[in-house]
Structures are given as C-alpha cells and as structure tokens.
Amino acid sequence: MATLASASAPGPVPVGAAVPRVPIPAKGVDYRNKIVLAPMVRSGELPSRLLALKYGADLVWGPETVDRSLIGAERRVNPRNGTIEFTRMPSNGGRPNKPTKESVIYRIDPAREKGRLIFQLGTANPELAVAAARVVADDVSGIDLNSGCPKPFSTSGGMGAALLRTPDLLVCILETLVKEVGEPYQIGISVKIRILSNPEETEALVSRLVKTGITALTVHCRTTPMRPREAAIRDQLPMITSICHQAGVACVMNGDVTSRDQGLALMKEYSVDGAMIATSAENNSSCFRTKEDGGLAPWREVVYEYLRFCIESENRLGNTKYLLNMLIPGKDKEFKDTKLSKTYLDICRGLKFDDLLPAAAGLDQILGLDDKWEAPHVTSTPTQSEPDTPAQSEPKSKAVQNAMESETARAAGGGAVRTKAPLPAVHGGGPIRRSSAPQPAKVTQVDAEQPAVEAPIPAAQTEAPSQVTV
Ligand SMILES: Cc1cc2nc3c(=O)[nH]c(=O)nc-3n(C[C@H](O)[C@H](O)[C@H](O)COP(=O)(O)O)c2cc1C
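Residues numbered from 1 in each chain as written. Predicted model: local features only at pLDDT ≥ 70, side-chain atom pairs only at ≥ 80, totals over all residues.

A.B. asks: Would you take a moment to explain the confidence of the model for the protein for this structure?
C.D. replies: Atomic detail in the predicted coordinates should be set aside for any region of low pLDDT. Looking at the protein, pLDDT values average 81 and 74% of them are 70 or higher. For residues 1-9, every residue scores under 50 in pLDDT, and the model assigns this stretch 18 contacts once sequence neighbours within four places are set aside. In this model, residues 377-470 is a region of pLDDT below 50 whose contacts with residues beyond four sequence positions or in other chains number 193 contacts. (pLDDT = per-residue confidence, 0-100. Contact = placed C-beta atoms within 7 Å.)

Right, here's the structure in full:
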C-alpha cells in the first residue's frame, strides 16, 4: 500500500492563526462536530434516518438518488402523516395494459429532519444535477454529490467513483451546483469521495474540490477497488484534512467508524471535523448513543422503534423487511418469521409488538396488503382509545374496520372522505398531522434504487440490495 507522501501538502493551520471557513448558507448546516448517518441505498430510507436521529445522529444523509429519477417528480404532502413525498408514475416499460401505480421516489419528514437532512445525488451531468437538486432543494439542508460508489451500475454511467477519474467533470458539477442551487436556495453543497491509491493524486484532487465553493467533503477511507470488509486506511486523512482546513471546508471521515464515542475519539486523533457511520448503523442505530447515555440498545428495542417509524412513515414493506433482516440477529426465530411475513400485521404479531397492531393493520389497508391477511392473524388489536382492551376474538379490530370503511367510501367515489380512524399515530411529537384531509389513492412505494421510471433510469436503480455496497 502506498504511504502518505504529503511533502507538498499544506501543513496544519498554525496555532493562533485565523482558520478560514467557507460561509455556511442561511438554510444550510455546518458539518463540524457532527457524527452523521451515511448515505445508504435501501438502508437510508426515512424510517432508518428517523431511527438514527432518535439515537443521537446529528445529521442524516438520504440514499443516493439518481438525477433522472427525480427530475419531473411531483412533490406532495401526505395528509395522513405530514411527510413530503416525491412521486411519479412509472413508464410501465411500454406495456400499456399493465396497471400503473404511483411510486414514491423519496420521502422526507419535514419536522424531525428539519435542519438535519442531506440529500445525496447520483449524477454525471451538471445540467441534470441542477434540475434534480432543484426538485428537493427547498426541503433539505444540503445536497451531497456521490463520487465514491464503485459499483458498475454507477460507474458505467460515469457517476459515483467514475467521477474520481474525470476530475474536470466532477469540479464542473460541483461548481454548477454551488452556483445554481447552493446560492439561490441558500443550502450547502458537499461531496463524498474515496481515497485514491496514490496519495499525490488524492491531494491533487482534493485541492481542486475545496475550491469549488463546497462547504464540506466526506472521505471514505477506502480506495475504489477495496471491498467493504477490508479495513479502512487512514494514513491519507491528515493530508486531506489539512487541505480542507486551509480552504475553510469541513472534512468528514468515513470508514470503519462504529459508534459515536469512537467517532469522537477518531475526530480528535485525526483533527477531522466529523465522522460518518454506515454499516454499524445499519446493524444497530443505537451506535449513535454514547456509552454514557446507555450505549448499544438490545435489538428488540431498536426493532420496535424502527417499526414504529416504518408504520408512521408508511414505508414500503419490502424495504422495511430488508432492514429488519439487518437489525434482527440471524439466529433468532423472529428473523425467520419476519422473512416470511407478507404484511405489517404479520410482522408485529410475530415480534409480539401488540400495541403496534392497530397501526400495522391500518397501514396494511393503505398499502393494499390487507388481502394477504390470514384470519388468525387479526386478533389482539386494542385501539388507541382503549389501550387496555384485552385481546379480541373477532376477526377484525375496530381500527381495521374503520380503516376498511374509509377505504370503501373512497373507492365508492367519496373522494374527500373524512377518515373515521386515521392511521393511529404511534409516535408522539411527529410532523403536523392533518387526518381530516382527503385520503390519497393507494401508492406503490419503491426504493430509491428501484424507481418506477424504467426507461431513462440507469441500472443503478435496479440492483439488488445485497449488491449495493457502495
Ligand atoms: C447498504 C449500503 C448502501 C450504500 N449506499 C451508498 C450510497 O447511496 N451513497 C454513498 O455515497 N455510499 C453508499 N454506501 C457506502 C457508505 O456510505 C459508506 O461509505 C461505506 O459503507 C463505508 O462506511 P462504513 O465503514 O461505516 O460501513 C452504502 C453502503 C452500504 C452498506
């Protein structure tokens, strides 16, 4: 492995000297002194981000979203939970007879993510980058450019780590984003890169990037060919940090950061401004909690909180199951049960989270999963107003019946029906709820990597999650 050759790199800012700082835009956020959740396709959807924030993440990155999937998306507020959804109709791959269902490309909680959400963009084109970033710019605190994904689906389109080999294009995209999105919307533009195997090349690249007007640079301390299981290499960090600091740009380190406590120690050791956690958060988001505040929580506690957020966010079941498989230890019986579950009701019953059953049933209705219920699965579902009601023997609870009635009314042409029983809130202090607003039609939700727009979307968006090790 090449060693650090930073003879020409600027030295540390002398003690007492004024440290320059790129101004943080009015609606942006300073990445300094932050332990943050990494961008993760599939694992970085809204419920995971809310979970990370609950356990103490200072900022959260959303999953990489490719420019074309967002351009033309419609923004709307979900009347049931107040989340902002960016949706679009799928092209259906040219099959006119296939029923089309709206797809949710990206979802934001404007209350709990306020001032803390960074949107990550996958792009290889300045114009497309600007067009896509403008769609979400009013609802996020920063736009981050993915320049580190090594997978062929990304690099073959010239995106991700391919941008490390086309520095002129990378610089051009960042400069254009700063001018056309960062300045008018008053949010920060940042970039996430990997180290190059030759430190001089990293140095040359970073020296250019920090002059583009970005407010922060995250460095994943692995080279592009390195596998995720290979240990991160940190010997280029002092050089990178030094260049960032000379330019007043915040430097965030990434790679094998496993907890908040460890992240803070590494920040001190390497004089970096922030630390980013990916896989450790995927396995147990309570890694953001300091030891002093309780440290790592048992998996059942984390899974319970995660499911509450999933139900509240109306998360797509497939995505919920994907992360549950990460959070639940493989040997547990619950792991196998969850894998086989076809509805939220099944999952909550399997995990014995009885107080979540009414909300789970309500969400199944909204997502159109209720036809997969098996009668014995709908038993103990106390309503919110009757929290202590013992297990019911009727096949359907009050909450389920109410949800069904409102759905029937809507289907009958009721349009702006008032829901008798809005999806029971399962978490206090959430976004503004407007339960009396009209019920929108059922929606299909897709992960950011699987948008419904088939034709123009690069293959990046259709990879299986296990293949996504960006
Ligand atoms: C499931 C998964 C999805 C990822 N998706 C993205 C992504 O969308 N954008 C990105 O820049 N990096 C992505 N990464 C890489 C992580 O952000 C991070 O750089 C990497 O996992 C190293 O951090 P760690 O050692 O804490 O895992 C992903 C990683 C994983 C495991």
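Past the structure itself, the notes keep going.
A.B. asks: Would you mind showing me how to read the pairing of strand 11 (residues 250-254) here?
C.D. replies: Side chains on a regular strand alternate between the two faces of the sheet. Of all the 5 residues making up strand 11, 5 are buried; the element is thus mostly covered by neighbouring parts of the structure. In strand 11, alternate side chains face the same way, and those of Ala250, Val252 and Asn254 on one face and Cys251 and Met253 on the other are all buried. As a crossover connection, the stretch from strand 10 (residues 216-220) through helix 7 (residues 237-247) into strand 11 is right-handed. Inspection of the sheet shows strand 11 paired to strand 12 (residues 274-277) by 3 bridges, in the parallel sense. Note that in strand 12 the partner of Asn254 across the bridge is Met276. Once the chain exits strand 11 it traverses helix 8 (residues 260-270) before rejoining the sheet at strand 12, and the crossover so formed is right-handed. (Buried ≥ 20, exposed ≤ 12 C-beta atoms within 10 Å, placed from the backbone. Helix = DSSP H or I, 4+ residues; strand = E, 2+ residues; numbered from the N terminus. Right-handed = clockwise from strand over helix to strand, strands pointing away. Pairing = 2+ DSSP bridges.)

A.B. asks: Hey, could you run me through the pairing of strand 6 (residues 103-108) in this one?
C.D. replies: Burial within strand 6 is extensive, with 6 of its 6 residues counted as buried. As judged from the 5 bridges shared by strand 5 (residues 84-88) and strand 6, these two strands associate in the antiparallel manner. Note on strand 6: the bridge partner recorded for Arg88 is Ser103.

A.B. asks: I keep staring at the environment of Thr218 and nothing clicks. Help me out?
C.D. replies: By the element assignment, Thr218 lies in strand 10. Take Thr218: there are 28 C-beta atoms within 10 Å of it, and that puts it in the buried class. Remark: the alpha-carbon pair of Thr218 and Ile193, spanning 25 residues in sequence, is separated by 6.3 Å. Thr218 has contacts with Ser190, Lys192, Val252, Asn254 and Met276, leaving out every residue within four places of it along the chain.

A.B. asks: In this structure, what is going on with unusual backbone geometry? I would like to understand it.
C.D. replies: Apart from glycine, the bulk of residues carry a negative phi angle, and the bulk of peptide bonds sit in the trans form. Despite not being glycine, Asp256 has its phi angle at roughly 60°, a positive value. With respect to the helices and strands, the residue Asp256 is situated in the loop between strand 11 and helix 8. In this structure, Lys352 is a non-glycine residue whose phi angle is positive, near 60°.

A.B. asks: Looking at this model, I keep getting lost on the environment of Asp58. Mind explaining?
C.D. replies: Here Asp58 is to be found in the loop between helix 1 (46-54) and strand 2 (59-61). A tally of 18 C-beta atoms within 10 Å means that Asp58 is categorised as partly exposed. Residues Asp58 and Gly274, spaced 216 residues apart in sequence, show a C-alpha to C-alpha distance of 9.9 Å. Those residues within four positions of Asp58 in sequence are excluded, and the remaining contacts are Lys34, Ile35 and Val36.

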